[in-house]
Amino acid sequence: MSNEKMLEEIKQAEDQIAERIADNMDTFGVSSTVGRLLGIIYMNRTAMTLDELADHTGMSKTRMSQVMRQMMALNIAEKEFIKGSRKEHYTVEDDYTQTFISLFTTSWKEVVSKNMTLERRLRDRITKLEQAQGDEAAPEVKDRIRALKQELDDWAAYYNWIHRLVAFFESGEIFDVVPVKEPGSEDNQKGGTSHG
């Protein structure tokens with residue numbers, strides 16, 4: 001087989017990996033565009049400019065800029081300084097397990113924050129209702145308030161558990177419990193080697 005044919009086969013395999021990375025992002029509720037850029041930059045193995053990404057995808061530079069901001073907010077991409085270049089270059093996390101952790105924890109931290117804020121607001125509302133009624137509240141009202149308080153206790157316990165789970169992932173303790181194993185290796189290793 002000629003070198004040209006071999007390079008063509010390699011390129012096809014690389015494109016398949018990039019496409020699978022994009023498909024896998026759907027699992028995290030992340031757009032396929034984010035996944036596609038993650039795959040492209042990852043398989044490029046070096047930082048890329050918005051112009052290069054626009055050329056690869058056929059999308060506008062403005063759209064590429066929006067998606068890169070989203071990726072940086074998800075902690076899966078960052079700007080990289082390239083000496084001698086005035087253009088901004090972007091690179092992505094090359095440790096697959098770290099990408100998973102970033103996607104998982106970023107999304108869930110936001111969910112925890114929103115739900116705990118709502119829980120505090122509802123508790124304040126219940127307290128005001130109790131103070132307004134005092135002992136004059138009807139038995140049904142008291143029962144409903146008691147049930148609602150129990151629901152909020154359960155709610156708080158659940159989101160506290162998610163908060164602790166996120167911390168467990170972010171600290172790296174997850175690898176002590178579920179180590180990443182290299183294919184064909186019996187040794188447990190921290191870190192990762194395969195994207196989401």
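Residues numbered from 1 in each chain as written. Predicted model: local features only at pLDDT ≥ 70, side-chain atom pairs only at ≥ 80, totals over all residues. Heavy atoms only, no water.

K.L.:
Talk me through the packing of aromatic side chains; I want residue IDs and the actual numbers.
P.N.:
Here the structure, examined in full by the defined rule, presents 8 aromatic pairs. Taken together, a centroid distance of 5.5 Å and an interplanar angle of 65° make the contact between phenylalanine 28 and phenylalanine 100 edge-to-face. Of this pair, phenylalanine 28 sits in the loop between α1 (3-25) and α2 (32-44) while phenylalanine 100 sits in helix α5 (residues 96-133); the two residues are 72 residues apart in sequence, bridging distant segments of the chain. Accessibility expressed as a relative area gives 19% for phenylalanine 28, which makes it buried. We classify phenylalanine 100 as partly exposed; its relative accessible area is 33%. Taken together, a centroid distance of 6.4 Å and an interplanar angle of 85° make the contact between phenylalanine 168 and phenylalanine 169 edge-to-face. Look at phenylalanine 169 and you get buried, because its relative accessible area is 13%. Three or more aromatic residues joined by ring pairs form one cluster here, namely Phe28, Phe100, Phe104, Phe168 and Phe169. (Phe/Tyr/Trp six-rings, centres within 6.5 Å; stacked < 30°, edge-to-face > 60°. Helix = DSSP H or I, 4+ residues; strand = E, 2+ residues; numbered from the N terminus. Buried < 20%, exposed > 50% of the residue type's maximum accessible area, 1.4 Å probe, protein only.)

K.L.:
Describe the pattern of salt bridges, naming the residues involved and giving the relevant values.
P.N.:
For the coordinates displayed, the defined rule picks out 13 salt bridges. Across the pair lysine 79 and glutamate 88 runs a salt bridge, and its minimum N-O distance is 3.0 Å. Across the pair glutamate 130 and lysine 149 runs a salt bridge whose closest N-O atoms are separated by 2.8 Å. Here glutamate 130, found in helix α5, pairs with lysine 149, found in helix α6 (residues 139-170); they are 19 residues apart in sequence, far enough to count as distant. When its relative accessible area of 30% is taken as the criterion, glutamate 130 is described as partly exposed. By relative accessible area, lysine 149 is classed as partly exposed at 34%. In this structure, a network of salt bridges that share partners links the residues Lys5, Glu8 and Glu9. (Salt bridge = Lys/Arg side-chain N within 4 Å of Asp/Glu carboxyl O.)

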